[in-house]
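# Reading the structure
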Amino acid sequence: MRFRAKIVDLACLNNFSRVINTIAKLAKTCTLRLTVCKLYFILSDKVANGGASMWCELCQGNFFDEFQMEGVAAEHNEIYLELVPENLSRALKTAHNAKAVKMKLTNKHCPCLRVAVELPSLSSSSRIVTHDIPVGVIPRRIWNDFREPTVPDFDVSIYLPVLKTMKSVVERMKNLSNSVVIEANLSGEMNLKIETDLVSVTTHFKDLGNPPWASEDGCQSSAQGRDLESMAEARIDIRKLQQLLAGQQVNPTKALCNIVSKRIVHFILLHEDVSLQYFIPALA
């Protein structure tokens, strides 16, 4: 099992750092899945236990100048590692004007992801700062626990309002309640509501638009035949929503959410190089 990669292009490096910062805000530990073409950051808290889950995928060709890997076996050419994304984020913070960043899987005393940052220096020799980030190697037999989550049959799919606006609304609401009801319909309307014994606050968003979804067989999800005005709603943990909005450094070109009434809210943030899915289960 081998992995080594190198980023030279500064714009690619900054992009990669932003993605890792976002992930560090969403997950204390996560799984890094390496394949020949893609990297995946996966958080699979069991939704049944009320945990959020995340699936973030990156095409390695959009970030790395060199990328070589050999998986655990020829027919399973993948590597699954468990890591603390905050550690990787910290290592990359030292790299914002680096000449190059190299990453490599090593195994001195324990398996580590070594991040070597080559910094410009005044003399002819360059300074190299090395970070060894401990990782756990996930055995082949439990890889199936880290498959892409299936998108449930949603009642409503809607484009999100400007994330900065949504973030400031949610931050204010967070001081009033631990949960927020997110509701939307097929007429491009979405509301964020909190209701406590003392206060009830609703923020309305209009004209957001609904994505033209079609499932594999060409027919719409359970949204088909639904009354355009009727709201699908789910009550979710407001801190998890705030975490998602506060951590956003990817600046998605498209952001949308799918609501399965009273069950789950599924967020999708798309950028040309990155796609991030985040699932927040509904509270009872």
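Residues numbered from 1 in each chain as written. Predicted model: local features only at pLDDT ≥ 70, side-chain atom pairs only at ≥ 80, totals over all residues. Heavy atoms only, no water.

Where an unreviewed UniProt entry is consulted, the chain appears under the name Checkpoint protein HUS1, with the organism given as Neopipo cinnamomea. One UniProt comment on the chain, placed under Sequence similarities (unreviewed entry), says "Belongs to the HUS1 family." The heading Subunit (unreviewed entry) in the UniProt record of the chain holds the text "Component of the toroidal 9-1-1 (RAD9-RAD1-HUS1) complex, composed of RAD9A, RAD1 and HUS1. The 9-1-1 complex associates with LIG1, POLB, FEN1, RAD17, HDAC1, RPA1 and RPA2. The 9-1-1 complex associates with the RAD17-RFC complex. HUS1 interacts with POLB, HDAC1, FEN1, PCNA and RAD9B. HUS1 does not interact with RAD17. Interacts with DNAJC7." (UniProt positions renumbered as here; feature names shortened; annotations may be inferred.)

What follows concerns the pairing of strand S5 (residues 66-70). With burial as the criterion, only one face of S5 is covered, namely that bearing Phe67 and Met69; the residues Glu66, Gln68 and Glu70 on the opposite face remain uncovered. Relative to S5, strand S1 (residues 2-7) is paired through 5 bridges, and the arrangement is antiparallel. The residue bridging phenylalanine 3 from the neighbouring strand is methionine 69, located in S5. (Buried < 20%, exposed > 50% of the residue type's maximum accessible area, 1.4 Å probe, protein only. Helix = DSSP H or I, 4+ residues; strand = E, 2+ residues; numbered from the N terminus. Pairing = 2+ DSSP bridges.)

Turning to its location among the elements, aspartate 155 is positioned in the loop between strand S10 (136-137) and strand S11 (156-159). Judged by its relative accessible area of 15%, aspartate 155 is buried. A polar contact is formed between the side chain of aspartate 155 and the backbone nitrogen of serine 261, at a distance of 2.7 Å. (Polar contact = N/O pair within 3.5 Å; in protein donor to acceptor, adjacent residues only side chain to side chain.)

Moving on to helix H1 (residues 10-26). Its 17 residues place the ends of H1 25 Å apart at the C-alpha level, agreeing with the 24 Å of an ideal helix rising 1.5 Å per residue. Burial in H1 covers these residues: Cys12, Leu13, Phe16, Ser17, Val19, Ile20, Asn21, Thr22, Ile23, Ala24 and Leu26. (Expected span 1.5 Å × (residues − 1).)

What the domain assignment reports for the chain is domain 1 (2-145) and domain 2 (156-216 + 227-281). The straight-line distance from the C-alpha centre of domain 1 to that of domain 2 is 29 Å. Taken together, the contacts link 20 residues of domain 1 with 17 residues of domain 2. Contact with domain 2 buries area across many residues of domain 1, yet Thr22, Lys25 and Leu26 alone supply 30% of it, more than any other trio. Where domain 1 meets domain 2, there are 4 residue pairs in polar contact (both at pLDDT 80 or more). Looking at the side of domain 1 that touches domain 2, the elements that each hand over two or more residues are H1 and strand S4 (53-59). Among the residues making up the side of domain 1 that touches domain 2, the classes are represented as 10 nonpolar, 7 polar and 3 charged. (Domains from an automatic or database assignment. Contact = heavy atoms within 4.5 Å. Buried area = accessible area lost by both parts, 1.4 Å probe. Nonpolar A, V, L, I, M, F, W, Y, C, P; charged D, E, K, R; others polar.)

Where H1 contacts helix H2 (residues 85-93), the axes come no closer than 8 Å and their chain directions differ by 150 degrees. Between H1 and H2, the angle falls in the class roughly antiparallel. The handedness of the crossing between H1 and H2 comes out as left-handed. Where H1 approaches H2, its residues Leu13, Phe16, Ser17, Ile20, Asn21, Ile23 and Ala24 are matched on the opposing element by Pro85, Glu86, Leu88, Ser89, Leu92 and Lys93. Considering only residue class, the contact of H1 with H2 consists of 8 nonpolar, 3 polar and 2 charged. (Axes fitted to C-alpha atoms, helices over the stretch in contact; angles between N-to-C directions. Parallel < 35°, antiparallel > 145°, perpendicular 65-115°, else oblique. Left-handed = near helix turned anticlockwise from the far one by under 90°.)

Quick look at the pattern of salt bridges now. A side chain with one charge may pair with a side chain of the opposite charge, provided their charged atoms come close. The full count for this structure, using the stated rule, is 10 salt bridges. Of the charged contacts, one joins lysine 193 and glutamate 183 as a salt bridge, the two residues approaching to 3.4 Å between their closest N and O atoms. Here lysine 193 is found in strand S13 (residues 190-195), whereas its partner glutamate 183 is found in strand S12 (residues 179-184), with 10 residues between them in sequence. Each of the two residues, lysine 193 as well as glutamate 183, counts as buried. (Salt bridge = Lys/Arg side-chain N within 4 Å of Asp/Glu carboxyl O.)

Further remarks concern the packing of aromatic side chains. With the rule as written, the count across this model stands at 7 aromatic pairs. Summarising the aromatic geometry, the rings of tyrosine 40 and tryptophan 55 are spaced 5.2 Å apart at their centres and angled 50 degrees between planes, so their arrangement reads as tilted. Taken as a pair, tyrosine 40 in strand S3 (residues 38-44) and tryptophan 55 in strand S4 lie far apart in primary sequence, 15 residues in all. Side by side, tyrosine 40 and tryptophan 55 carry an identical accessibility label, which is buried. Aromatic side chains tyrosine 80 and phenylalanine 146 sit 6.2 Å apart centroid to centroid with 45 degrees between the ring planes, which places their arrangement in the tilted category. You can see tyrosine 80 sitting in strand S6 (residues 79-83) and its partner phenylalanine 146 sitting in the loop between S10 and S11, a full 66 residues away along the chain. This pair shows no difference in class: tyrosine 80 is buried, exactly as phenylalanine 146 is. Among the aromatic residues, those joined into a ring-pair cluster are Phe3, Phe16, Phe63, Phe64 and Phe67. When the ring centre of tyrosine 40 is taken as reference, the NZ or CZ atom of arginine 33 above it lies at 4.4 Å. (Phe/Tyr/Trp six-rings, centres within 6.5 Å; stacked < 30°, edge-to-face > 60°. Lys NZ or Arg CZ within 6 Å of the ring centre and 35° of its normal.)

Sheets are built from strands paired through backbone hydrogen bonds, the pairs being either parallel or antiparallel. With respect to topology, 4 strands assemble into an open sheet ordered S14-S13-S12-S15, the strand pairing being antiparallel. With partners counted over all chains shown, the strands left at the sheet margins are strand S14 (200-205) and strand S15 (232-237), one partner each. Across the sheet, the axes of successive neighbouring strands diverge by a mean angle of 20 degrees, strand direction being ignored. Packed on one face of the sheet, helix H4 (residues 238-246) meets S12 and S15 and runs near 90 degrees to S15.

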